[in-house]
Amino acid sequence: MQEYIKQTKTGSRKYKSFVRADFLVEMTGRVCYHIDIIFKKEIVMIWKDKYRLGVAEIDKQHMELFRRVNDFVVTLRSKGSWQEKVDKVNDTLQFMQEYVVIHFKAEEAYQLKIGYTGYEHHKKLHDDMVAYVTEVAEEYEREGYKEELIQRFAGKLLAWLINHVVAEDLKIAQYTIHKEEQK
Ligand SMILES: [Fe+2]
């Protein structure tokens with residue numbers, strides 16, 4: 001069992017968990033502030049209202065992404081059968097390849113609509129993520145279920161999603177507020 005210390009604004013809290021080390025590597029720095037790690041209840045990511053952009057379609061998509069990534073990580077960590085895990089990997093890879101593209105397009109369309117100045121930078125982050133998911137899907141197809149690849153993928157999804165929503169997507173909401181204030 002590992003002991004994991006989460007820094008909070010009011011100090012630090014200790015979590016005991018069975019989480020693999022490679023997940024922890026990803027959960028460093030500011031990511032820790034935003035993830036509720038309640039290992040005993042097998043919840044890895046909890047959606048919070050403060051993550052809302054205030055755009056219904058995008059918020060709904062973010063919630064779905066949180067739900068799917070959480071489900072993926074929990075299944076990988078469970079005592080379920082190998083087949084159950086393989087099914088979940090297939091399912092998640094397919095979902096990510098399709099849904100992430102739909103979601104990114106919706107978010108980018110919104111940025112263009114409001115004249116968001118960080119559009120180019122943001123689009124590059126999206127494109128890089130799509131390329132990463134494609135890369136993993138290709139490797140998975142070539143080499144099959146490899147524990148190291150799947151765990152790395154799960155860790156990356158978890159960290160990327162929370163970090164991206166909090167550090168990048170919320171900037172879009174701040175931009176909208178700033179624009180409204182200047183009117
Ligand atoms: Fe985004």
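It should be emphasised that the depicted structure is a prediction, and the values quoted were computed from it without experimental measurement.

Colleague: I tried to follow the overall build of the chain on my own but got confused; where do I start?
Modeller: Each helix and strand in the chain was counted, giving six helices and two strands. Written out in order from the N terminus, the α and β elements of the chain read β-β-α-α-α-α-α-α. The proportion of buried residues among the 183 residues of the chain is 16%. In the chain, the share of contacts with a sequence separation of at least 24, taken over all contacts with a separation of at least 6, comes to 64%.

Colleague: In this structure, what is going on with the packing of helix α3 (residues 56–77) against helix α4 (residues 82–114)? I would like to understand it.
Modeller: Between two packed helices, the angle of one axis relative to the other and the distance separating the axes together describe the packing. Where α3 meets α4, the axes come as close as 10 Å, and the angle between the chain directions of the two elements is 160°. Viewed along their axes, α3 and α4 adopt a mutual orientation that is roughly antiparallel. Seen from above, α3 lies across α4 with left-handed handedness. Residues E57, I58, Q61, L65, R68, F72, T75 and L76 of α3 touch α4, and the partners they reach there are E84, K85, K88, T92, F95, H103, A106, E107 and Y110. Looking at the contact of α3 with α4 residue by residue, the class counts come to seven nonpolar, four polar and six charged.

Colleague: Teacher, can you tell me more about α3 here?
Modeller: Structurally, the α-helix is built with 3.6 residues per turn, so residues lying three or four positions apart point the same way. Between its first and last C-alpha atoms α3 spans 32 Å; for 22 residues at 1.5 Å apiece the expected length is 32 Å, and the two agree. Among the residues making up α3, those that are buried are I58, H62, L65, F66, V69, F72, V73 and L76. Seen along its axis, α3 keeps its buried residues to an arc of 135°; they face one direction. Away from the buried face of α3 by more than 90 degrees, exposed residues A56, K60 and R67 are located. Where α3 is buried, its residues meet α4 and α6 (147–182).

Colleague: So what exactly am I meant to see when it comes to the environment of R67 here?
Modeller: Following the sequence through the fold, R67 ends up in helix α3. Between the alpha carbons of R67 and I46 there is a distance of 8.2 Å; along the sequence they are 21 residues apart.

Colleague: Would you mind going over the nonpolar core with me for this structure?
Modeller: Soluble globular proteins tend to bury their nonpolar side chains together. Among the nonpolar cores identified, the biggest contains 19 residues, and V69, V73, A154, L157, L158 and L161 are the most heavily contacted of them. Listed by contribution, the elements that provide at least two residues to this core are α3, α4, α5 (119–143) and α6. If you tally residues by element for this core, the top one is α6, at eight residues.

Colleague: Any chance you could explain α6 here in plain terms?
Modeller: Taking 1.5 Å per residue, 36 residues should reach 52 Å; α6 reaches 52 Å between its end C-alpha atoms and fits that length. Where α6 bends most, at V165, the angle is about 40°. Those residues of α6 that fall on the buried side of the exposure criterion are I150, F153, A154, G155, L157, L158, L161, I162, V165, D169 and I172.

Colleague: So what exactly am I meant to see when it comes to the packing of α3 against α6 here?
Modeller: Where α3 meets α6, the closest approach of the two axes is 10 Å, and the angle between their N-to-C directions is 150°. The angle between α3 and α6 places the two elements in the roughly antiparallel class. Where α3 crosses over α6, the handedness of that crossing is left-handed. For the pair α3 and α6, contact is made by H62, L65, F66, V69, F72, V73 and L76 and by I150, A154, L157, L158, L161 and V165, respectively. Here the contact of α3 with α6 is built from residues that sort into twelve nonpolar, one polar and no charged.

Colleague: How do you make sense of the confidence of the model for the chain when you look at a structure like this?
Modeller: One rule of thumb: low pLDDT means the predicted coordinates there are not for detailed reading. On average, the chain scores 80 in pLDDT, and the residues at 70 or more come to 76%. No element of the chain has a lower mean pLDDT than helix α1 (residues 21–26), at 37, and none a higher one than α5, at 96.

Colleague: Looking at this structure, how should I read the environment of W160?
Modeller: Examined against the element boundaries, W160 turns out to sit in helix α6. Residue class for W160 comes out partly exposed when judged on the 18 C-beta atoms lying within 10 Å of it. Taking the C-alpha atoms as reference, W160 lies 8.6 Å from M129; in sequence the two are 31 residues apart.

Thresholds, definitions, all that
- Residues numbered from 1 in each chain as written.
- Predicted model: local features only at pLDDT ≥ 70, side-chain atom pairs only at ≥ 80, totals over all residues.
- Helix = DSSP H or I, 4+ residues; strand = E, 2+ residues; numbered from the N terminus.
- Buried ≥ 20, exposed ≤ 12 C-beta atoms within 10 Å, placed from the backbone.
- Contact = placed C-beta atoms within 7 Å.
- Axes fitted to C-alpha atoms, helices over the stretch in contact; angles between N-to-C directions.
- Parallel < 35°, antiparallel > 145°, perpendicular 65-115°, else oblique.
- Left-handed = near helix turned anticlockwise from the far one by under 90°.
- Nonpolar A, V, L, I, M, F, W, Y, C, P; charged D, E, K, R; others polar.
- Expected span 1.5 Å × (residues − 1).
- Arc of directions from axis to C-beta.
- Core = buried A, V, L, I, M, F, W, Y, C linked by C-beta atoms within 7 Å.
- Bend = angle between axes of the 7 residues up to and from the residue.
- pLDDT = per-residue confidence, 0-100.

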